[in-house]
Amino acid sequence: MAETTYPTASQRPARRTGAIGMRDVFFVASAVLVALTLYLVFFWVPTEANLGVSQRIFYFHVPIAWLGMLSIIVVAVASAMNLITKRQKWDALAYASAELGAIFASLIIVTGAIWAKPVWGVWWTWDAKLTTTLILWFIYVGYLMLRAYGPKGSQGVRYASVLALIGAIDAPIIYLATNWWRTTHPDLNIGPLAESDLDSRMLLTFLISLITFTVMYVYLMMERYALRRQEDDLDELYRTAALRA
Amino acid sequence: MSETTEKHQSLPEASQGSTFLTANRVKILLGAVVLVGALVYFGFMALRSATVYYYTVGELNAQRPSEEGRIVRVSGKLVPDSFDRPEGSISAFFQLTDGTHTLRAAHQGVLPDLFFNEHSEIILEGHYTPGGVFESENVIVKCPSKYIAKAEAESG
């Protein structure tokens, strides 16, 4: 029963209690920014002339969509790094981002449907942008199922990494769908390829909301990543103990 | 402490069965088949509906003879003053235009609020009837891409 030989957990210093870390900073920043964004969206920004009050979903729907697309790219890059370096911390990063991405992909579809019904007249239609977003949702769910039910250990990680690398191609397709095909979505009105422009107050509200959601994503990633590392350590302890027994 | 990493690497992974078709592998194979199948299906749907997601009024008029009975989507703007709903009826009659061509259309039922907005593009899902009227089954309103603030005076 030699306690000292358990490797990974002892290699990282435990988080000192009382010290203010980056996670605390991002937690406070997220809380403040969410409050600010809610104020801007519901009290400050003007109502859109044609779409009315339902257009305010825009300030949630688009930042959520951005994170849904960002998450799969983070999963793919971290997976590639894991395949190259074989270091488990990259895999923990990929897994954390996949879980968050699954939540954001679900929220894209939910907020989109809530907005589509009053504006378009339908909850859902099979246009290119909606369909490729649904594919993104399936990629996240497929990734998580592969991790949960696939082979344990590095083989399962490799399978999921391949899925993530292929799946990440979907993100730019979703973004550019309105340029490539006829869809129900309006043309891009944000970003370098945008043709139309926004009212300045709407643009400011949107940008702050985008920053808010991104900061929140980073914070959630920090929490989930740290937890995942602890899960990996625990797995390692069980495996070591099982081998000894 | 320096030997810990080597010890870490030398640990074997949880042992797998040695035969090819273990219960785990069958599950993975089934999962992969379902996943790939779903991806191909939705990819196909996306491409198919993307190429014909909607026609413009001019494109639809050009191929009218072959389009009777087949469900298609057509997009255009509402011709001003063309809308007519007989008193007490749920049927609406109107015309769509792409700027040069027009299309006579009919729809039964509720229309979205933005249907009558001059900036809206209207997408109809439906088919031609022998009379040359486009019978719409679903109305989808494509919202304007430019957001304009409502004037302060009228907001409330």
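Caption draft 1: Representation of the overall build of chain B within the structure. Secondary structure assignment for chain B yields four helices and six strands. Each helix (α) and strand (β) of chain B, taken in turn from the N terminus, gives the series α-α-β-α-α-β-β-β-β-β. Burial analysis of chain B (156 residues in total) assigns 21% to the buried set. Across chain B, every contact between residues at least 6 apart in sequence was considered, and the portion connecting residues at least 24 apart equals 46%.

Caption draft 2: Spatial organisation of the pairing of strand 3 (residues 91-97) of chain B. Residue and element names in this part refer to chain B. The pairing of strand 2 (residues 72-78) with strand 3 spans two bridges and is antiparallel. By the bridge assignment for strand 3, L78 is matched with L96. Pairing analysis gives seven bridges linking strand 3 to strand 4 (residues 102-108), with the strands arranged antiparallel. Opposite T97, over in strand 4, you have T102 as the bridge partner.

Caption draft 3: Inspection of the nonpolar core at higher detail. Of all hydrophobic cores here, the largest spans 70 residues; its most connected members are I72(A), V75(A), Y143(A), A164(A) and V74(B). For this core, the leading source of residues is helix 4 (residues 88-120) of chain A, giving 16 residues. If you look at the next biggest cluster of nonpolar residues, it comprises seven residues, including V45(A), F58(A), M202(A) and F206(A).

Caption draft 4: Looking closely at helix 3 (residues 58-85) of chain A. Compared with the 40 Å implied by 1.5 Å per residue over 28 residues, the 40 Å span of helix 3 of chain A between its first and last C-alpha is a close match. Directly after helix 3 of chain A, the chain includes K86(A), whose backbone phi takes a positive value near 60°.

Caption draft 5: Just the packing of helix 3 of chain A against helix 6 (residues 154-167) of chain A, in detail. Residue and element names in this part refer to chain A. Relative orientation of the contacting elements helix 3 and helix 6 amounts to 135°, with a least axis distance of 8 Å. By the angle between their directions, the pair helix 3 and helix 6 is classed as oblique. Every pair of crossing elements has a handedness; the one defined by helix 3 and helix 6 is left-handed. Residues I72, V75, A76, S79, A80, N82 and L83 of helix 3 touch helix 6, and the partners they reach there are V157, R158, S161, A164, L165 and G167. Residues that form the contact of helix 3 with helix 6 fall into these classes: eight nonpolar, four polar and one charged.

Caption draft 6: Quick peek at helix 7 (residues 170-180) of chain A. Residues and elements named next belong to chain A. Listed as buried for helix 7 are D170, A171, I174, A177 and T178. The buried side chains of helix 7 occupy one side of the element, clustering within an arc of 140° when seen end-on. Projecting away from the buried face of helix 7 at angles above 90 degrees are the exposed residues P172, N179 and W180. Contact partners of the buried residues in helix 7: helix 3, helix 5 (128-149) and helix 6.

Caption draft 7: The arrangement of the pairing of strand 4 of chain B in detail. Residues and elements named next belong to chain B. Burial along strand 4 is one-sided: L103, A105 and H107 are buried, while T102, R104, A106 and Q108, pointing the other way, are not. Following strand 3, the chain reverses through four residues before pairing antiparallel with strand 4; G99 in that reversal takes a positive phi of roughly 110°. Alignment of strand 4 against strand 6 (residues 134-142), held across three bridges, turns out to be parallel. Considered in strand 6, the bridge of H107 is made with S136.

Caption draft 8: Broad picture of the packing of helix 2 (residues 22-44) of chain A against helix 8 (residues 200-244) of chain A. Residues and elements named next belong to chain A. Where helix 2 meets helix 8, the axes come as close as 8 Å, and the angle between the chain directions of the two elements is 150°. The orientation of helix 2 relative to helix 8 falls into the category roughly antiparallel. Crossing of helix 2 against helix 8: the hand is left-handed. Looking at the contact of helix 2 with helix 8, its residues break down into 17 nonpolar, five polar and two charged.

Caption draft 9: Expanded view of the environment of T212(A). Residue and element names in this part refer to chain A. For T212, the location among the structural elements is in helix 8. What makes T212 buried here is the crowd of 22 C-beta atoms within 10 Å. Taking the C-alpha atoms as reference, T212 lies 19 Å from G21; in sequence the two are 191 residues apart. Sequence-distant contacts of T212, that is, excluding residues within four places in its chain, are made with L33, V34 and T37.

About the thresholds
Residues numbered from 1 in each chain as written. Chains lettered and ligands numbered in written order. Predicted model: local features only at pLDDT ≥ 70, side-chain atom pairs only at ≥ 80, totals over all residues. Helix = DSSP H or I, 4+ residues; strand = E, 2+ residues; numbered from the N terminus. Buried ≥ 20, exposed ≤ 12 C-beta atoms within 10 Å, placed from the backbone. Contact = placed C-beta atoms within 7 Å. Pairing = 2+ DSSP bridges. Core = buried A, V, L, I, M, F, W, Y, C linked by C-beta atoms within 7 Å. Expected span 1.5 Å × (residues − 1). Axes fitted to C-alpha atoms, helices over the stretch in contact; angles between N-to-C directions. Parallel < 35°, antiparallel > 145°, perpendicular 65-115°, else oblique. Left-handed = near helix turned anticlockwise from the far one by under 90°. Nonpolar A, V, L, I, M, F, W, Y, C, P; charged D, E, K, R; others polar. Arc of directions from axis to C-beta.

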